[in-house]
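An overview of the molecular structure
For reference, the chains in residue letters:
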Amino acid sequence: MGSVMDPAFVQAPEHRPKPTDTEEAVGIPIIDLSPILHSPIPACAGAAPPAISGLLVEVEAACQEWGFFQVINHGVPAELLDNILAASTGFFALSVEEKRQVKRDEVNPLGYYDMEHTKNVRDWKEVFDFVVEEPVVFPVLAKPPANEFDSSMNRWPEYPPGFKEACEKYAKATNELAFKILELIALTLGLPAKRLNGFFKDQSSFIRLNHYPPCPSPHLALGVGRHKDSGALTILAQDDVGGLDVKRRSDGEWIRVKPIPNSYIINVGDIIQVWSNDKYESAEHRVSLNSERERFSIPFFFNPAHYVEVQPLEELIDEKKSPAKYNAYNWGKFLKTRKYSNFKKLEVENIQVYHFRKAV
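Note that this is a predicted model, so its numbers are computed, not measured. (Residues numbered from 1 in each chain as written. Predicted model: local features only at pLDDT ≥ 70, side-chain atom pairs only at ≥ 80, totals over all residues. Heavy atoms only, no water.)

**Side note on the environment of serine 39**
Rule in force here: Secondary structure follows DSSP: runs of H or I at least 4 residues long count as helices, runs of E at least 2 residues long count as strands, and numbering of each begins at the N terminus.
Here serine 39 lies in the loop between α1 (34-38) and α2 (50-65). Between the C-alpha atoms of serine 39 and proline 49, which are 10 residues apart in sequence, the distance is 9.0 Å.

So this is what it looks like as structure tokens:
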């Protein structure tokens, strides 16, 4: 990306990272998932044994207070993460020409990309995206009538050897973890454990390999600008460099999430915010850079099928006491619009979930 800062990467002054606002997190919950490694998740919260009941209390508090938590003893074998990190490192070490042989475009959003924008400012990173289930289907048009659909398949590079296998094995294991966390969250909402699972038949989930090169001016740019994740859940693995900052709800300060070996960072996305009718809120976060070390991370974006209509769950709304706070929206159209605005700089704000909030 060069040693001179391109103005396209420069954040507005009010969004630039400051040395004083990245204190390391105190209080971001660390949740031990071992109770569900040894016992099945119960069908309803009332049937939960004490260990799982305690786990539900922790998950509920974390979702309400932070929208973020870290999990340990999660059941994903460490070697699967080691293998995909090694594959990611090998891929991003290739020449630009080799990486661009599997470059994403406006038709197929999968593969390599190095010019993504967040809130219309270019991110200091390069990425490789692949879906968990093939093919992935999205509307051709972001705006109605959206009665035509494209299906996309993963684009796999020829090098490094074993890249595809490492990615697919990791995807299978983290997909299983995603469903477990989804079921725990359903129970904390007073719902049956599998109430939300049906939305993920024909899921549009994808995994992203992120590479953040050293940045000559880390005080001016961000690896990813401030944002909230638009899907249901994100399961993030990061290396030991660190750089993920979460905005603390209590005072609006940016807090650095310290890497913990063999752990995952879970964050609630906009879809769960809508499904829960604002009981849970997706957390704003960003990625800060440094001038000395490159950083690798791997988010799993757990997303429902393209045809799902996202709206507050009927069990959680009451027209008098707790009316629905959001109008329904189609997930496929929403994501297609969002991805298009990340693909190129637009002169308008990209679509956000609050655009569907009902007037009070």
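**So, the packing of helix α3 (residues 78-92) against helix α5 (residues 163-188)**
Put simply, the rule is: Axis definition: a line fitted to C-alpha atoms, limited for helices to the stretch in contact. Angles are taken between N-to-C directions and run from 0 to 180 degrees. Between 65 and 115 degrees an angle is taken as roughly perpendicular, under 35 as roughly parallel, over 145 as roughly antiparallel, and anywhere else as oblique. Handedness of a helix crossing follows the sense of rotation of the near helix relative to the far helix, less than a right angle counterclockwise being left-handed and clockwise being right-handed. Here, two residues are considered to be in contact whenever any of their heavy atoms come within 4.5 Å of each other. Put simply, Ala, Val, Leu, Ile, Met, Phe, Trp, Tyr, Cys and Pro go in the nonpolar bin, Asp, Glu, Lys and Arg in the charged bin, and everything else, Gly too, in the polar bin.
Between α3 and α5, the shortest axis-to-axis distance is 9 Å and the interhelical angle comes to 140°. On the basis of their axis angle, the class for α3 and α5 is oblique. Of the two possible hands of crossing, α3 and α5 adopt the one that is left-handed. Contacts between α3 and α5 pair Leu80, Leu81, Asn83, Ile84, Ala87, Ser88 and Phe91 from the former with Phe163, Ala166, Cys167, Lys169, Tyr170 and Ala173 from the latter. Of the residues contributing to the contact of α3 with α5, the split by class is 10 nonpolar, two polar and one charged.

**Considerations on the pattern of salt bridges**
Threshold: We define a salt bridge as a contact between a side-chain nitrogen of Lys or Arg and a carboxyl oxygen of Asp or Glu at a distance within 4 Å. The rule is simple: take the accessible area with a 1.4 Å probe, protein chains only, and divide by the maximum for that residue type; under 20% is buried, over 50% is exposed, in between is partly exposed.
Scanning all chains against the criterion turns up 18 salt bridges. With a shortest N-O distance of 2.7 Å, aspartate 129 and arginine 208 are connected by a salt bridge. Here the residue aspartate 129 occupies a position in strand β7 (residues 126-131), and arginine 208 occupies one in strand β10 (residues 206-212), the gap between them amounting to 79 residues. Note on arginine 208: relative accessible area 7%, which makes it buried.

**So, the nonpolar core**
Nonpolar side chains in soluble globular proteins tend to be buried together. The cut-off we apply is this: The nonpolar core is taken to be a set of buried Ala, Val, Leu, Ile, Met, Phe, Trp, Tyr and Cys residues, with the residues joined through side-chain atoms within 4.5 Å.
Residues Phe128 and Tyr264 are the most contacted members of the largest nonpolar core, which totals 80 residues. Ranked by residue count, the leading element in this core is α5, at 14 residues. Beyond its immediate stretch of four places on either side in the chain, phenylalanine 128 contacts Phe91, Phe92, Val102, Gly111, Tyr112, Arg155, Trp156, Pro157, Phe163, Ile207, Arg208 and Leu209. Membership of the second largest hydrophobic core comes to nine residues, among which are Ile28, Trp66, Leu244 and Ala283.

**Re the sheet that holds strand β17 (residues 295-302)**
Quick note on the threshold: DSSP bridges decide pairing: two strands pair if at least two such bridges lie between them.
With respect to topology, eight strands assemble into an open sheet ordered β2-β3-β15-β12-β17-β10-β7-β4, the strand pairing being mixed. On the outer flanks of this sheet lie β2 (30-32) and β4 (111-113), each paired with one strand and no other. On average, adjacent strands in this sheet sit at an angle of 25° to one another, irrespective of strand direction. Pairing geometry for β4 and β7, over three bridges, is antiparallel. Residue tyrosine 112 lies in a different strand from β7, and its bridge partner there is phenylalanine 128. On top of the sheet, α2 reaches β2, β3 (68-72) and β15 (264-268); it is set at about 155° to β2, its chief contact.

**What to know about the packing of α2 against α5**
Between two packed helices, what matters for the description is the angle formed by their axes and the separation of those axes. Look at α2 against α5: their axes get within 9 Å of each other, and the N-to-C directions meet at 85°. In terms of their interaxial angle, α2 and α5 are classed as roughly perpendicular. Residues Leu55, Leu56, Val59, Glu60 and Cys63 of α2 lie in contact with α5, whose contacting residues are Leu184, Ile185, Leu187 and Thr188. Along the lines of polarity and charge, the residues of the contact of α2 with α5 split into seven nonpolar, one polar and one charged.

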